[in-house]
Amino acid sequence: MRLVVAGSPAAAVPTLRRLAASDHEIAAVLTRPPTPQGRKRVLTPTPVAVAAAELGLPVVEAARVDDAVTARIAELGVDLGVIVAYGALLRRPALDAPRLGWVNLHFSDLPALRGAAPVQRAVMAGATTTAATVFQLVEALDAGPVFASEPFPIDDEATSGEVLAAMADTGAELVARVVDDLAAGTAVAHEQVGEVTTAPKLTLADGRTDFTAPAAVVHARLRGVTPEPGAFAHLGETRVKLLRAGRVRPGGAGESAAPLAPGALRLADGVLLVGTADEPLVLREVQPAGKKAMDAAAWARGLGPLDGKVLA
């Protein structure tokens, strides 16, 4: 089949590469325009644009699928559109431009967690499993009938970034199977069944860490907002990014430490502990404002006596 593939972030790259290696033809790759990145605000193409260039595929850069982009897709005479985290909604007649419409790879067990941040919200909620789902794109948000879904476990130490990277590979294979089935005329889609929940995009405020919650809740939130928007707290007037944390394990470092007040810091068994509403967490890596990422225990040793020092 002749395809147009739409996507922008790194999570969409495995699907692009997998389809480029298939028997199907990619007529064009649709992605968002370059954006300023880093401290120097260098104009940088999307990961999908970079991968498409490496594969020698034609790229269409557009912030939204307007009439001009829709006309361009229609002119390509494609059979199917495949979309993975493109970053903009498709409306009719864009949905109707490919002969078979569009299929979308979504990183949740639909209809659960419809929206922009399904993996982040699942990790933040402490979920132990999620799913990759391929469905027919419709105008309503993530509401189309499902062609295929595959469960995916969430490790209790994994960040949302790590989960998403792993799911992107699993999802690429799922997309390829659905595209093959559509080409063969054997694909069957079923309407979504179950409770609809949503996964809105995260904001900077989601990264603010509340150590008055139980350890399991704090840890899940830290993992869920990593790498974006990033977890943080304040030590006095200093903003500190919390890059990596973990639970205290039986027999592990810090197990014998006395309880700590929420946000209080203590070095024990060579690790830095921070108090929560119940048991402490181990802070493994931090980044104080204006400094590079560093080992959390080394950072704490540089603070001098920790009595009275609280992350809030």
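Residues numbered from 1 in each chain as written. Predicted model: local features only at pLDDT ≥ 70, side-chain atom pairs only at ≥ 80, totals over all residues. Heavy atoms only, no water.

**Quick look at the overall build of the chain**
The condition that has to hold: The helix count covers DSSP runs of H or I at least four residues long, the strand count covers runs of E at least two residues long, and both are numbered beginning at the N terminus. Buried means the residue's accessible area, taken with a 1.4 Å probe over protein chains only, is under 20% of the maximum for its type, while exposed means over 50%, and partly exposed covers the values in between. We call two residues in contact whenever any of their non-hydrogen atoms come within 4.5 Å of each other. Method for areas: the Shrake-Rupley scheme with a 1.4 Å probe, in which residue coverage is limited to the protein chains shown. For this count, His and the chain ends are skipped, Lys and Arg are scored as positive, and Asp and Glu as negative. For the purpose of locating charges, the reference atoms are NZ of Lys, CZ of Arg, CG of Asp and CD of Glu.
Counting secondary structure elements, the chain contains seven helices and 15 strands. Counting only C-alpha atoms and orienting by the principal axes, one finds that the chain spans roughly 70 × 45 × 30 Å. Put simply, the chain has 312 residues, and 47% of those count as buried. Of the contacts made within the chain by residues no fewer than 6 positions apart, 65% connect residues no fewer than 24 positions apart. Total accessible area computed for the chain in this model is approximately 14,600 Å², and 54% of it derives from carbon and sulfur atoms. If the 30 positive side-chain charges of the chain are averaged to one point and the 34 negative ones to another, these points end up 8 Å apart.

**Structural notes on the sheet that holds strand β5 (residues 59-61)**
What counts is decided by this rule: The pairing criterion for strands is at least two bridges between them, as found by DSSP. For helices, the fitted line uses only the C-alpha atoms of the stretch in contact; every axis is such a line through C-alpha atoms, and the angle between N-to-C directions lies from 0 to 180 degrees.
Spatially, seven strands are ordered β5-β2-β1-β6-β7-β8-β9 in an open sheet, and the strand pairing comes out mixed. If you trace the sheet from one side to the other, it starts and ends with β5 and β9 (146-153), each paired once. Between one strand axis and the next, the sheet turns by 20° as a mean value, whatever way the strands run. Two strands pair when backbone bridges link them, and strand β7 (residues 102-106) and strand β8 (residues 129-136) are joined in this way by four bridges, in the antiparallel orientation. Bridge pairing links Val 103 to Gln 136 in β8. Sitting on the sheet, helix α3 (residues 67-76) touches β1 (2-7), β2 (25-31), β5 and β7, and the angle it makes with β2 is about 175°.

**Brief notes about the packing of helix α1 (residues 13-20) against helix α2 (residues 47-55)**
Keep this limit in mind: Roughly parallel means an angle under 35 degrees; roughly antiparallel, over 145; roughly perpendicular, 65 to 115; everything else is oblique. Left-handed describes a crossing whose near helix is turned anticlockwise from the far helix by less than a right angle; the clockwise case is right-handed. Three classes are used: nonpolar for Ala, Val, Leu, Ile, Met, Phe, Trp, Tyr, Cys and Pro, charged for Asp, Glu, Lys and Arg, and polar for all others, with Gly counted as polar.
The contact between α1 and α2 brings their axes to 9 Å, and the two run at 20°. By the angle between their directions, the pair α1 and α2 is classed as roughly parallel. Seen from above, α1 lies across α2 with right-handed handedness. Between α1 and α2, the contacting residues are Val 13, Leu 16, Arg 17 and Ala 20 on the first element and Pro 47, Val 48, Ala 51, Ala 52, Glu 54 and Leu 55 on the second. When the residues that make up the contact of α1 with α2 are grouped by side-chain class, the tally is eight nonpolar, no polar and two charged.

**Focus on the environment of Val 240**
Tracing the backbone through its elements, the reader meets Val 240 in strand β11 (residues 238-247). Classification of Val 240 as buried rests on a relative accessible area of 1%. In this structure the C-alpha to C-alpha distance between Val 240 and Leu 16, which are 224 residues apart in sequence, comes to 37 Å. Residues within four places of Val 240 in sequence aside, it is in contact with Ala 231, Phe 232, Ala 233, Leu 235, Val 286, Gln 287, Pro 288, Trp 299 and Leu 311.

**Thoughts on the packing of aromatic side chains**
In this description, an aromatic ring pair is defined by two values, namely the gap between the centres and the angle between the planes. Note the cut-off: Only Phe, Tyr and Trp rings take part, Trp by its six-membered ring, and two of them pair if their centres are within 6.5 Å. Stacked means planes under 30 degrees apart, edge-to-face means over 60, and tilted covers everything else. Criterion for a charge above a ring: Arg CZ or Lys NZ at most 6 Å from the ring centre, at most 35 degrees from the ring normal.
Considering all chains together, one arrives at zero aromatic pairs under this definition. Stacked on the ring of Phe 232, the Lys or Arg Arg 239 has its end atom at 3.8 Å from the ring centre.

**Quick notes on the pairing of β1**
A regular strand places its side chains on the two faces of the sheet in alternate fashion. Definition in use: Orient the strands so they point away from the viewer; a crossover is then right-handed if the path from the first strand over the helix to the second runs clockwise.
A large share of β1 lies buried, amounting to five of its six residues. Sheet topology places β1 next to β2; five bridges connect them, and they run parallel. Bridge pairing links Arg 2 to Glu 25 in β2. Crossover connection from β1 via α1 to parallel β2: handedness right-handed.

**Here's the deal with the pattern of salt bridges**
The test is simple: In the sections that follow, a salt bridge refers to a side-chain nitrogen of Lys or Arg positioned within 4 Å of a carboxyl oxygen of Asp or Glu.
Applying the stated criterion to the full structure yields eleven salt bridges. Glu 139 is the salt-bridge partner of Arg 92, the closest N and O atoms lying 3.8 Å from each other. With Arg 92 in the loop between β6 (80-84) and β7 and Glu 139 in the loop between β8 and β9, the pair connects residues that are 47 residues apart, well separated along the chain. Several salt bridges converge on common partners, so that one network encompasses Arg 92, Asp 96 and Glu 139.

**Some words on the environment of Gln 37**
Locating Gln 37 in the fold gives a position in strand β3 (residues 35-37). Classification of Gln 37 by relative accessible area gives partly exposed; the value is 42%. Spatially, the C-alpha atoms of Gln 37 and Val 84 are 21 Å apart, while their sequence positions differ by 47 residues. Contact partners of Gln 37, with chain neighbours within four places excluded, come to Val 42 and Thr 44.

**Some thoughts on the layout of surface pockets**
Heads up, the condition is: Any residue with an atom within 4 Å of a point lines the site, the site being either a cavity, points on a 1 Å grid over the protein atoms alone where a 1.4 Å probe fits but cannot get out, or a pocket, an open set with protein on both sides within 12 Å along at least 5 of 7 lines. Grid points are joined across faces, edges and corners, and a volume is the space filled by probe spheres set on the points.
Estimated volume of the largest pocket: approximately 1,500 Å³. As for the largest pocket, its lining consists of 48 residues, and the residues nearest its centre are Pro 9, Ala 85, Tyr 86, Gly 87 and Ala 116. Of all elements in the fold, only β3, β7, α4 (118-124) and α5 (160-184) reach the threshold of two or more residues within the lining of the largest pocket. Among the elements that line the lining of the largest pocket, the one with the most residues is α5, at four residues. For the lining of the largest pocket, a count of residues per class yields 28 nonpolar, 14 polar and six charged. Its boundaries defined by the atoms lining it, the second largest pocket holds a volume of some 250 Å³. Forming the boundary of the second largest pocket are 17 residues, of which Pro 229, Gly 230, Lys 241, Leu 243 and Gln 287 lie nearest the centre.

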